[in-house]
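As a plain string of letters, each chain reads:
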Amino acid sequence: MAARTGRQYLEGLRDGRAVWVNGEAVRDVTTCTAFRGSLAGMAGYFDWQHRHADDCLMVDGNGGVTGISHLIPTSRDDLERRHRGLGKLARYGVGMLGRTPDYVNVTFAGFAGQPSLWRAAGNQEGHDNLLAFQREIAEKDLALTHTIVHPIVDKRVPDYAGVNLELALRKVDETADAIVVHGARILATLGPFADELAVYPAHPVPADQPEIAIAFSVPMSAPGLRILCRDHYGTDRDAFDAPFSSRFDEQDAFMVFDHVEIPKSRVFCDANPEVFNTVMQRGWTGNIMQQTVIRALTKLEFAYELASRIADVTGQQKRGETNQMLGELWSYAELTRSALKAAEDGAFDYGDGTWICDERPFIALRPTLPGWMVRANDILKTVGSHNLLATPARADFDDPDLEELLDHYLRGADDASAQERARLFRTAWDMVGSALGGRVELYERFYLASAPRNYALAHLMAQRLGTWSAVPEFWKATDAIMARYRRGDRPEREAT
Ligand SMILES: Cc1cc2nc3c(=O)[nH]c(=O)nc-3n(C[C@H](O)[C@H](O)[C@H](O)COP(=O)(O)OP(=O)(O)OC[C@H]3O[C@@H](n4cnc5c(N)ncnc54)[C@H](O)[C@@H]3O)c2cc1C
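Nothing here was measured: the structure is a model prediction, and the numbers come from that model. (Residues numbered from 1 in each chain as written. Predicted model: local features only at pLDDT ≥ 70, side-chain atom pairs only at ≥ 80, totals over all residues.)

## Let's talk about the overall build of the protein
Step number 1: The helix and strand inventory of the protein stands at 17 helices and 14 strands.
Step number 2: By the compact-globule yardstick of 23 Å for 496 residues, the protein fits well, its C-alpha radius of gyration being 26 Å.
Step number 3: Each of the three principal axes of the protein carries a C-alpha extent, and together these read 90 × 80 × 50 Å.
Step number 4: Taking all 496 residues of the protein together, 45% fall into the buried category.
Step number 5: Excluding contacts between residues fewer than 6 apart, the proportion of contacts in the protein whose partners are at least 24 apart in sequence is 74%. (Helix = DSSP H or I, 4+ residues; strand = E, 2+ residues; numbered from the N terminus. Rg over C-alpha atoms; globule rule 2.2 N^0.38 Å. Buried ≥ 20, exposed ≤ 12 C-beta atoms within 10 Å, placed from the backbone. Contact = placed C-beta atoms within 7 Å.)

Below is the structure:
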C-alpha cells in the first residue's frame, strides 16, 4: 500500500477501539457525531498530501510512493527536501495542527536512522523490530500518535517513586509471543483518531526499575487499551464561522493500559534502562524539532498576517502602539525562521550516516517558543479588541434584511465588506479565543514539556557543549594590564 487518501484513512479507523467521550462509549469513531468535522479535517490532511504530491510524497527504495516525513536524511539535500514537504504539510492547518502524523513519522525516521543506539546493550531484537516497524508505517501510511509521560499525581514525590511510580506504565508479565503492560500515560493527542500509539522514552528512568523502561507500538484497538477523551471542542459549524473548530480538533485522550498484550515484534525496548536512557540523548531534538519548528513558524507567520489584516480592516495602520505589536509578532516569526536556518545550516552526520540538524538553536527555542506563542495570541486579542466578537455568522448574510444592516454597520475600513471583515475576525477568534483556541495555547505551552524544565535542560546542554573560560580570561588579562600600570610601565604597543 502507498500513501493513503482520506477515505482509506477513515476506513482504517473502524476497528472496534474502546473510546469514551462526554461520558459515552464510542464504538465507531467514524460515525460519532461529535467527531465528524474533526475526522473530515484529518481525512483532508491525507488528501492534501496527494494534492501536493511533488512536495509531500517521495518514491521509496522499493518503488512505492510514501510520505516525505518517513525520509531518513543522509545529506543536506535530504534535509532541504524534507523541509519543503513538512512546510507544505504544516500549511494545511496553518500550524494549528500539532500532531499530524508527520510528527511521529519524523520521530521514527530519526530512531531508525540511529540504529547503533538501539542495538546497544543487548537490544538487537528491539532494534530489528524498530527498523521493520518504521518501514511498515511508511508502507502502510499509518497515522501514529505517542504518549511519553506517565501520570504525576503528587508533585511532592519524585517522578518514579511512591504513588507516581504505582501509576506508571510498566511491564507486568510476558507470554511466549507478547509482553503484558499495565498502567497509564497522560495525554495522547490524536488518540482516538490514530491507527497506533507509540510509547517511547522521555525522562530517564532509574536503572533499578527496568519494568518501566519499555518502548513499543500498539494498535488503538488492542484489547485492554482505553482511550478516555477530554471534551471535544470541535463544532458543527460552517468553516466560515469556525475555520479551525469545525475541522481541526486533534482530540487529546488519557490512555489507560489494562493488562495490554504487546506482540514481541512491536517491542523496541524490553525492560532495558540502558537503551531507554540513551536513545533520546543523541539526535532526537535535532531531528524532531525540524518538523515542529517548521509548524511553529507557519503558525507565527499566519498570526502576523492575520494581525496585520486586522490592523488594516480597522484603520489602525498608522497607530504607533499597533505597529509596535505587529513588529513584535513579526520578530518572533523571523527569530524562529533564523534559528531553524541556523539549525539546518549546521546539520551534520550524527552517526550511522544520518544527517540531523544542529540541536543548539532548537534547544534555545524549545522553552522560548511557548512564550512567543502565548504573546502572539495576546497581540491578536489586543489588536482585535471587541471586533473579535462583533462578528455575524455566515448564515446571517443569507437573510436579505439583515445583510443590508450588516453591510452598513459592520463593514471594515477602506471599503472592506462586512463578510470579509466577519471572516477575518472569526478566524482570529477561533485561533485564540474559542475552546479549541484555548486548548491549542495550552498545547503550545506544554507539548515539548514545560518551559522551566526546558530552560534547565538548556543550561545543562550549554555546560556540556561549551567551553566557558571568558570570565577567567578577562580577569587574567585585566590583572596583567593593571599590574603593568601599577609598576609604572609605559603602555606597550601590543604585537599585532
Ligand atoms: C494539549 C496538550 C497535549 C499534549 N499531548 C501530548 C501527547 O500527545 N503525548 C504526550 O506524551 N504528552 C502530551 N502532552 C503532555 C505533555 O507532555 C505534558 O503536559 C508535559 O510533559 C508537561 O508536564 P506537566 O503537565 O506535568 O507539567 P510540568 O513539567 O510539571 O510543569 C508544570 C509547571 O510546573 C512548574 N515546573 C515544572 N518543572 C519545573 C522546574 N524544573 N522548575 C521550575 N518549575 C517547574 C512550572 O510552573 C510548569 O509550568 C500534552 C499536553 C497538553 C497540554
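## What to know about the packing of helix H10 (residues 284–313) against helix H14 (residues 418–432)
Each pair of packed helices gets described by two things: the angle between the helix axes and the distance between those axes.
Step number 1: One way to put it is that H10 packs onto H14 with a least axis distance of 10 Å and a crossing angle of 140°. One element, H10, and the other, H14, form an angle in the oblique class. At the point where H10 passes H14, the crossing takes the left-handed sense. Listed contacts from H14 to Leu 306, Arg 309, Ile 310 and Val 313 of H10 are Arg 421, Leu 424, Thr 427 and Ala 428.
Step number 2: Along the lines of polarity and charge, the residues of the contact of H10 with H14 split into 5 nonpolar, 1 polar and 2 charged. (Axes fitted to C-alpha atoms, helices over the stretch in contact; angles between N-to-C directions. Parallel < 35°, antiparallel > 145°, perpendicular 65-115°, else oblique. Left-handed = near helix turned anticlockwise from the far one by under 90°. Nonpolar A, V, L, I, M, F, W, Y, C, P; charged D, E, K, R; others polar.)

## Digging into the domain arrangement of the protein
Step number 1: Structurally, the protein comprises domain 1 (6–276) and domain 2 (284–465).
Step number 2: Distance from the C-alpha centre of domain 1 to the C-alpha centre of domain 2: 25 Å.
Step number 3: Facing 35 residues of domain 1, the contacting portion of domain 2 comprises 35 residues.
Step number 4: Broken down by secondary-structure element, the contributors of at least two residues to the side of domain 1 that touches domain 2 are helix H4 (76–92), helix H5 (102–112) and helix H6 (115–118). (Domains from an automatic or database assignment.)

## A look at the nonpolar core
Generally speaking, soluble globular proteins have nonpolar side chains that are buried together.
Step number 1: The biggest cluster of nonpolar side chains holds 129 residues, and the ones touching the most others in it are Ala 303, Ala 307, Leu 329, Ala 376, Leu 380 and Ala 428.
Step number 2: Considering each element in turn, this core owes the most residues, 16 residues, to H10.
Step number 3: Built from parts of two domains, this core gets at least three residues from each of domain 1 (6–276) and domain 2 (284–465).
Step number 4: In this structure, Leu 329 is in contact with Ala 303, Tyr 304, Ala 307, Ala 376 and Ile 379, ignoring residues within four places of it in sequence. (Core = buried A, V, L, I, M, F, W, Y, C linked by C-beta atoms within 7 Å.)

## Some details on unusual backbone geometry
Excluding glycine, residues mostly have negative phi values, and the peptide bonds linking residues are mostly trans.
Step number 1: Look at Ser 385: it is not a glycine, yet its phi comes out positive at around 55°.
Step number 2: For Ser 385, the position within the fold is in the loop between helix H12 (359–384) and helix H13 (400–409).
Step number 3: For Ser 385, a count of 13 C-beta atoms within 10 Å gives the class partly exposed.
Step number 4: Phi is positive for Asp 414, close to 55°, though the residue is something other than glycine.

## Regarding the site of the ligand
Step number 1: Inspection of the region around the ligand gives 22 residues, with Thr 189, Tyr 443, Phe 446, Ser 450 and Pro 452 positioned closest.
Step number 2: Put simply, the parts of the chain that give the shell around the ligand at least two residues each are strand S5 (144–146), strand S7 (178–189), helix H15 (435–446) and helix H16 (451–465).
Step number 3: A breakdown of the residues in the shell around the ligand according to their chemical character gives 13 nonpolar, 5 polar and 4 charged.
Step number 4: Two domains each put at least three residues into the shell around the ligand: domain 1 (6–276) and domain 2 (284–465). (Near = placed C-beta within 6 Å.)

## Regarding the pairing of S7
Strand residues, when the strand is regular, have side chains that alternate between the two faces of the sheet.
Step number 1: Note: strand S6 (residues 170–174) against S7, 4 bridges, orientation antiparallel. If you follow Asp 173 over to S7, its bridge partner there is Val 180.
Step number 2: Two successive antiparallel strands, S6 and S7, enclose a turn made up of 3 residues.
Step number 3: Examined bridge by bridge, S7 and strand S11 (residues 252–263) share 9 bridges and lie antiparallel to one another. Its bridge partner lying in S11, Arg 185 is registered against Met 255. (Pairing = 2+ DSSP bridges.)

## Comments concerning the packing of H10 against H12
Step number 1: Axis separation between H10 and H12 bottoms out at 10 Å; the angle between their running directions is 20°. When the axes of H10 and H12 are compared, the pair comes out roughly parallel. Crossing of H10 over H12 shows left-handed handedness. Mapping the contact onto sequence places Thr 285, Gly 286, Met 289, Val 293, Ala 296, Leu 300, Ala 303, Leu 306, Ala 307, Ile 310 and Ala 311 in H10 and Glu 359, Phe 362, Ile 363, Leu 365, Leu 369, Ala 376, Ile 379, Leu 380, Val 383 and Gly 384 in H12.
Step number 2: Of the residues contributing to the contact of H10 with H12, the split by class is 17 nonpolar, 3 polar and 1 charged.

## Describing H4
Step number 1: With 17 residues, H4 extends 25 Å from end C-alpha to end C-alpha; this agrees with the ideal 24 Å at 1.5 Å per step.
Step number 2: Along H4, the residues classified as buried are Leu 79, Arg 82, His 83, Gly 85, Leu 86, Lys 88, Leu 89, Ala 90 and Tyr 92.
Step number 3: Residue Val 94 follows H4 closely and has a positive phi angle near 40°. (Expected span 1.5 Å × (residues − 1).)

## Looking at the sheet that holds strand S1 (residues 18–21)
The strands making up a sheet associate through backbone hydrogen bonding, with each pair oriented either parallel or antiparallel.
Step number 1: With respect to topology, 6 strands assemble into an open sheet ordered S2-S1-S10-S11-S7-S6, the strand pairing being mixed. If you trace the sheet from one side to the other, it starts and ends with strand S2 (24–26) and S6, each paired once. Here the strands of the sheet are splayed against their neighbours by 20° on average, with no regard to which way each runs.

## Concerning the sheet that holds strand S12 (residues 267–270)
Step number 1: The strand order across the open sheet built from 4 strands is S5-S8-S9-S12, with neighbouring strands paired in mixed fashion. Taken across any chain shown, the strands that pair with only one partner, and hence form the sheet edges, are S5 and S12. Each strand of the sheet is rotated relative to its neighbour by a mean of 25°, with strand direction disregarded.
Step number 2: Alignment of strand S9 (residues 214–219) against S12, held across 3 bridges, turns out to be antiparallel. Looking across to S12, one finds that Ala 215 is bridged to Cys 269.

## Quick look at the pairing of S1
Step number 1: Covered by surrounding structure in S1 are Val 19 and Val 21 only, the residues Ala 18 and Trp 20 on the alternate face being uncovered.
Step number 2: Pairing analysis gives 3 bridges linking S1 to strand S10 (residues 225–229), with the strands arranged parallel. In the sheet register, Ala 18 faces S10, and the bridge partner there is Arg 226.
Step number 3: Direction of pairing for S1 relative to S2: antiparallel, over a ladder of 3 bridges. From the neighbouring strand, Trp 20 faces S2, where its bridge partner is Ala 25.

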